[in-house]
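Residue strings, one per chain:
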Amino acid sequence: MARKPGRPRNENKKSRIQIAIEPETREVIERLAVAMNSSMAAVAGSILDDNREELRVTAEAMERVLKTPTQKAKAMHLMMLELQKRSTEEQLSFLQDISDEANKEE
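Residues numbered from 1 in each chain as written. Predicted model: local features only at pLDDT ≥ 70, side-chain atom pairs only at ≥ 80, totals over all residues. Heavy atoms only, no water.

1. Some remarks on the packing of helix α3 (residues 52–67) against helix α4 (residues 72–105)
Contact pair α3 / α4: the axes reach a minimum separation of 10 Å and the direction vectors enclose 180°. The angle between α3 and α4 falls in the class roughly antiparallel. Touching Glu53, Glu54, Val57, Thr58, Ala61, Met62 and Val65 of α3 are Lys72, Ala75, Met76, Met79, Glu82, Leu83, Arg86 and Glu90, all from α4. (Axes fitted to C-alpha atoms, helices over the stretch in contact; angles between N-to-C directions. Helix = DSSP H or I, 4+ residues; strand = E, 2+ residues; numbered from the N terminus. Parallel < 35°, antiparallel > 145°, perpendicular 65-115°, else oblique. Contact = heavy atoms within 4.5 Å.)

Below you can see the structure in the form of structure tokens.
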């Protein structure tokens, strides 16, 4: 298949999936897309890509739970704490970046 003229070659092509989300989540993603002058798909994809490590940790924890169900409660609790920590760190970094950008504009 020929490449469209003027489009850069994308050697690292991303995959597409269909997901179902709550209406409130869609509203937030729509607001972010407008604020970032981007598409909803790009914003949602970016959020998932930025949280790849947290998703990996979750997948590994779930795999461990399936192998040893007696450790389920402990593993789930530790996983949730780790994800909360990582999420908070990402939020702080995002807010710091926004603050830095705002200070540059002043």
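2. Details of the side chain of glutamate 54
Secondary-structure assignment places glutamate 54 in helix α3. Buried charge without a salt bridge: glutamate 54, with arginine 86 as the nearest opposite-charge side chain at an N-O distance of 4.5 Å. Contacts of glutamate 54, omitting those with residues within four sequence positions, involve Leu83, Arg86 and Glu90. (Buried < 20%, exposed > 50% of the residue type's maximum accessible area, 1.4 Å probe, protein only. Lys, Arg positive; Asp, Glu negative; His and termini not counted. Salt bridge = Lys/Arg side-chain N within 4 Å of Asp/Glu carboxyl O.)

3. Regarding α4
Counted at 1.5 Å a residue, the expected span for α4 with its 34 residues is 50 Å, and the 49 Å between its end C-alpha atoms agrees. For α4, the set of buried residues is Ala75, Met79 and Leu83. Contacts made by the buried residues of α4 are with α3. (Expected span 1.5 Å × (residues − 1).)

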